[in-house]
Amino acid sequence: QVQVVESGGGLVQPGGSLRLSCAASGSFFSIYVMSWYRQAPGKQRELVASIYSGHSTNYADSVKGRFTISRDDTKNTVYLQMNSLKVEDTAVYYCRAYTPQAVEYWGQGTQVTVSS
């Protein structure tokens, strides 16, 4: 069983920045695919960014150039640096760990609100 815990959400003004963190348990964190998803009220959950074991990344078009995903395998932690935040970035952000055994684990989510 892998436990996934997000932190770092909050209220920020448009144009501001936040950094989300996600800690995952387990001895094999370095080979998990780690992803951030988000879900806004009334909308489906969508993929924001993913990072692979070789540290390659991919991003949703809506966040490219503004968000950066990274990982520190020594700390079993993945980060999402969010810059130039927009009102439409408001959502609950979820962290997902995907193992080589094709099992996924989700965190409880952290609220990000962008508002003036």
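If you're wondering where the values come from, they're calculated on a predicted model, not measured in any experiment.

Each value, and the rule that gives it
Residues numbered from 1 in each chain as written. Predicted model: local features only at pLDDT ≥ 70, side-chain atom pairs only at ≥ 80, totals over all residues. Heavy atoms only, no water. Salt bridge = Lys/Arg side-chain N within 4 Å of Asp/Glu carboxyl O. Helix = DSSP H or I, 4+ residues; strand = E, 2+ residues; numbered from the N terminus. Buried < 20%, exposed > 50% of the residue type's maximum accessible area, 1.4 Å probe, protein only. Pairing = 2+ DSSP bridges. Axes fitted to C-alpha atoms, helices over the stretch in contact; angles between N-to-C directions. Core = buried A, V, L, I, M, F, W, Y, C linked by side-chain atoms within 4.5 Å. Contact = heavy atoms within 4.5 Å.

Colleague: Would you mind going over the pattern of salt bridges with me for this structure?
Modeller: A side chain of one charge can pair with a side chain of the opposite charge when the charged atoms of the two come close. For the structure shown, the criterion picks out six salt bridges. A salt bridge links Arg-38 to Asp-89, with the nearest nitrogen and oxygen atoms 2.9 Å apart. With a gap of 51 residues between them, Arg-38 in strand β4 (residues 33-39) and Asp-89 in the loop between β8 (77-82) and β9 (91-98) connect regions that are remote in the sequence. Under the relative-accessibility criterion, Arg-38 is labelled buried at 6%. Between Asp-89 and Arg-66 there is a salt bridge; the shortest N-O distance is 2.7 Å. Of the two residues, Asp-89 is situated in the loop between β8 and β9 and Arg-66 in the loop between β6 (57-59) and β7 (67-72); the sequence distance between them amounts to 23 residues. Note on accessibility: Asp-89 and Arg-66 belong to one class, buried.

Colleague: Please explain the sheet that holds strand β3 (residues 18-24) as it appears in this structure.
Modeller: Each strand in a sheet pairs with another by means of backbone hydrogen bonds, the pair being arranged parallel or else antiparallel. Read across the sheet, four strands follow the order β1-β3-β8-β7 without closing on themselves; strand pairing throughout is antiparallel. Edge positions in the sheet fall to β1 (4-7) and β7, since each has one partner strand and no second. On average, each strand axis in the sheet is tilted by 15 degrees relative to the strand beside it, whichever way the strands run.

Colleague: Looking at this model, I keep getting lost on the pairing of β7. Mind explaining?
Modeller: The two faces of the sheet receive side chains in turn, since in a regular strand these alternate between them. What you see with β7 is a clean split: Phe-67, Ile-69 and Arg-71 sit on the buried side and Thr-68, Ser-70 and Asp-72 on the side with no burial. The turn linking β7 back onto β8 is made up of four residues, and Asn-76 within it adopts a positive phi angle of 50 degrees.

Colleague: Help me understand the nonpolar core, please; the structure alone is not making it clear to me.
Modeller: Looking at soluble globular proteins, one finds that nonpolar side chains tend to be buried together. Counting 30 residues, the largest nonpolar core has Met-34, Trp-36, Leu-80, Met-82 and Tyr-93 as its most contacted members. Of all the secondary-structure elements, those providing two or more residues to this core are β3, β4, β5 (46-51), β7, β8, β9 and β11 (110-114). Residues in contact with Leu-80, not counting those within four places in the same chain, are Leu-18, Arg-19, Leu-20, Trp-36, Val-48, Ala-49, Phe-67, Thr-68, Ile-69 and Tyr-93.

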